[in-house]
Amino acid sequence: MATAHVSRSMLKIGFLLFFVLFLDLVLLSCARQQPASRQKLQVHKHLKRLNKKPVKSIESPDGDIIDCVHISHQPAFDHPFLKDHKIQMRPNYHPEGLYDETKMNTESKQRENSIHQLWHVNGMCPEDTIPIRRTKEEDVMRASSVKMHGRKKHKSIAVPRSVPKSADPDIDNESGHQHAIAYVEGDKYYGAKATMNVWEPKIQQSNEFSLSQIWILGGSFGQDLNSIEAGWQVSPDLYGDNNTRLFTYWTSDAYQATGCYNLLCSGFIQINSNIAMGASISPVSAFRNSQYDISILVWKDQKEGNWWMQFGNGYVLGYWPSFLFSYLADSASMIEWGGEVVNSEPDGHHTTTQMGSGRFPEEGFGKASYFRNIQVVDKENNLKSPKDLGTFTEQSNCYDVQTGSNSDWGHYFYYGGPGKNPNCP
């Protein structure tokens, strides 16, 4: 009898231990699933906020979906300060005089080169809509967090040596970002223009990028830096491929909490139905072959205060409202043109991620990448050649820059490089 009683007690204890163990496993499984399901919920909320209901959708040959969204439903209008904003459908003034839509369209037809966006092959967006590249779940999942999706990391600005380091020790060039740029400073600038040839640089690591752009900068190189940026980039993390894409960026606090790429947050107001921010550019330049370039102009409409962007010779894309900025609400204090890459130093060596064409500037036309017809906009709204154009690069053995000028290209420079090479280990 005693043996039977002990056996029953042991069975009860065994069952209790099994139950406790089973409960622990269930709770552990739930605990693991909670962060995952919470993240999924955050991702879906983020996608719902970004992807507005389209009037029409177009599938691009590269796999992108371009949504034609009514102009009044674009992401900019999620901003509390833009709830009752009346869209400015055209700038009051254009550099070189009063803005003339007829003149601009005529010039566009006469001078447009053969660069286009890949999605145009399968259709165009109707009037009163704007094309928005649809953000997919995998786009967000590639970011380090939902909050960081569509944003540059802090400390990604080129600080020429003429700017005292004491301006802010937190923003320097030891951040894994490398540049080869030309720049002007020391005056008030109301815009900038340049024509740059388009390449498809090779990227070594998916968390690296290569871009070529114009920076419109205001404020110190501290926590209050204002920046408007536009150009072309290859960014596997952001887009999920190695295509060359048109992009814009803005920040009013040195990339900390404000701003984003393209239309991935509230800010830039687009008015153009032909060009999609973040969409692939085609064709691109080839070594010792055809060269394809794009013109970008960013300028301040001094009547309304907004910063406008033009792509090519006729596509006025839209504007950044002046209230987004502090220093740029007045004017810019520095303009930079050039290339930027992320060097994550894989295996302890310099990255092989290319800047521009991946060739050094001395190789010249057809081989190296260039910016030509560099201009700034002055207070009188005139496009002028820059005075005292400086250059800057952190490691000229990896990426370099060389300036020049002539009657056809005005002020220009070749820039870029291969990254890792015998002189850049």
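No experiment lies behind these values; they were computed from the predicted model shown.

Definitions and cut-offs
Residue positions are given per chain, counting from 1 as you read along its sequence in written order. Whole-chain, interface and lining totals are the exception, using all residues; otherwise, since this is a predicted model, local features are given only for residues with pLDDT of at least 70 and side-chain atom pairs are given and counted only at 80 or more. Calculated side-chain values reflect all of the structure's heavy atoms, with hydrogen atoms and water omitted. Two strands form a pair only when DSSP identifies at least two bridges running between them. Secondary structure follows DSSP: runs of H or I at least 4 residues long count as helices, runs of E at least 2 residues long count as strands, and numbering of each begins at the N terminus. Values of pLDDT, ranging from 0 to 100, describe the predictor's confidence in every residue of the model. We call two residues in contact when some of their heavy atoms are within 4.5 Å. Whenever a carboxyl oxygen of Asp or Glu lies within 4 Å of a side-chain nitrogen of Lys or Arg, that contact is scored as a salt bridge. Type-normalised accessible area, obtained with a 1.4 Å probe on protein chains alone, sets the label of each residue: buried when under 20%, exposed when over 50%, and partly exposed for intermediate values. Note on disulfides: each one is a pair of cysteine sulfur atoms within 2.5 Å. Interaxial angles span 0 to 180 degrees and are taken between N-to-C directions of axes, which are lines fitted to C-alpha atoms, for helices over the stretch in contact. Nonpolar cores are built from buried Ala, Val, Leu, Ile, Met, Phe, Trp, Tyr and Cys residues. Side-chain atoms within 4.5 Å join them into one set.

As judged from the seven bridges shared by strand β22 (residues 400-406) and strand β23 (residues 410-416), these two strands associate in the antiparallel manner. Residue pairing in the sheet places glycine 404 in a bridge with tyrosine 412 of β23. The turn linking β22 back onto β23 is made up of three residues.

What follows concerns the confidence of the model for the protein chain. In this model, the protein chain carries a mean pLDDT of 88, and residues with pLDDT of at least 70 account for 83%. Segment residues 97-113 is flagged for pLDDT under 50; beyond a separation of four residues in sequence, or across chains, it makes 23 contacts in the model. Low confidence marks residues 164-174, where pLDDT is under 50. Its contacts with residues over four positions away, or in another chain, come to 21 contacts.

What the rule picks out here adds up to 14 salt bridges. With a closest N to O distance of 2.7 Å, aspartate 78 and lysine 52 form a salt bridge. Pair noted here: aspartate 78 is in the loop between β2 (65-70) and β3 (93-94) and lysine 52 is in the loop between α1 (2-50) and β1 (56-59), with a separation of 26 residues, a long-range link. With a relative accessible area of 31%, aspartate 78 lands in the partly exposed category. The residue aspartate 139 makes a salt bridge to arginine 133 at a minimum N-O spacing of 3.5 Å. Note on accessibility: aspartate 139 and arginine 133 belong to one class, buried.

This paragraph deals with the state of the cysteines. Scanning the model with the defined rule gives three disulfides in all. Between the sulfur of cysteine 398 and that of cysteine 424 lies a disulfide, 2.0 Å long from S to S. Measuring handedness by torsion sign, the sulfur bridge of cysteine 398 and cysteine 424 sits at about 95° and is right-handed. Of this pair, cysteine 398 sits in the loop between β21 (390-393) and β22 while cysteine 424 is found in the segment after β23, placing the two residues 26 residues apart along the sequence. Cysteine 398 sits in the buried class, given a relative accessible area of 1%. On the basis of relative accessibility, which here comes to 3%, the residue cysteine 424 falls in the buried class. Within the protein chain, bonded cysteines paired by disulfides and numbered along the sequence follow the pattern 1-2, 3-4, 5-6.

For the rest of this paragraph, the subject is the sheet that holds strand β6 (residues 129-133). On the basis of which strands lie adjacent, the open sheet formed by three strands has the order β1-β2-β6 and antiparallel pairing. Taken across any chain shown, the strands that pair with only one partner, and hence form the sheet edges, are β1 and β6. With direction set aside, neighbouring strand axes in the sheet form an average angle of 25°. Pairing between β1 and β2: four bridges, direction antiparallel.

In this section: the nonpolar core. Grouped together as the largest cluster of nonpolar side chains are 89 residues, with contacts concentrated most on Ile214, Ile216, Ile296, Met309, Trp320, Ile335 and Trp337. With sequence-adjacent residues up to four places away left out, isoleucine 216 is seen in contact with Gly191, Ala192, Asn226, Ser227, Ile228, Val298, Trp307, Leu328, Ala332, Met334 and Ile335. The next biggest cluster of nonpolar side chains, apart from the first, holds seven residues, and it includes Ile58, Ile66, Cys68 and Ala279.

The next thing to look at is the sheet that holds β21. Within the open sheet, the seven strands sit side by side as β12-β11-β10-β9-β18-β7-β21. Their pairing is antiparallel. On the outer flanks of this sheet lie β12 (260-261) and β21, each paired with one strand and no other. Sheet topology note: the strand β9 (residues 210-218)/strand β10 (residues 226-234) ladder contains nine bridges and is antiparallel. Following the sheet pairing, serine 210 is matched in β10 by valine 234.

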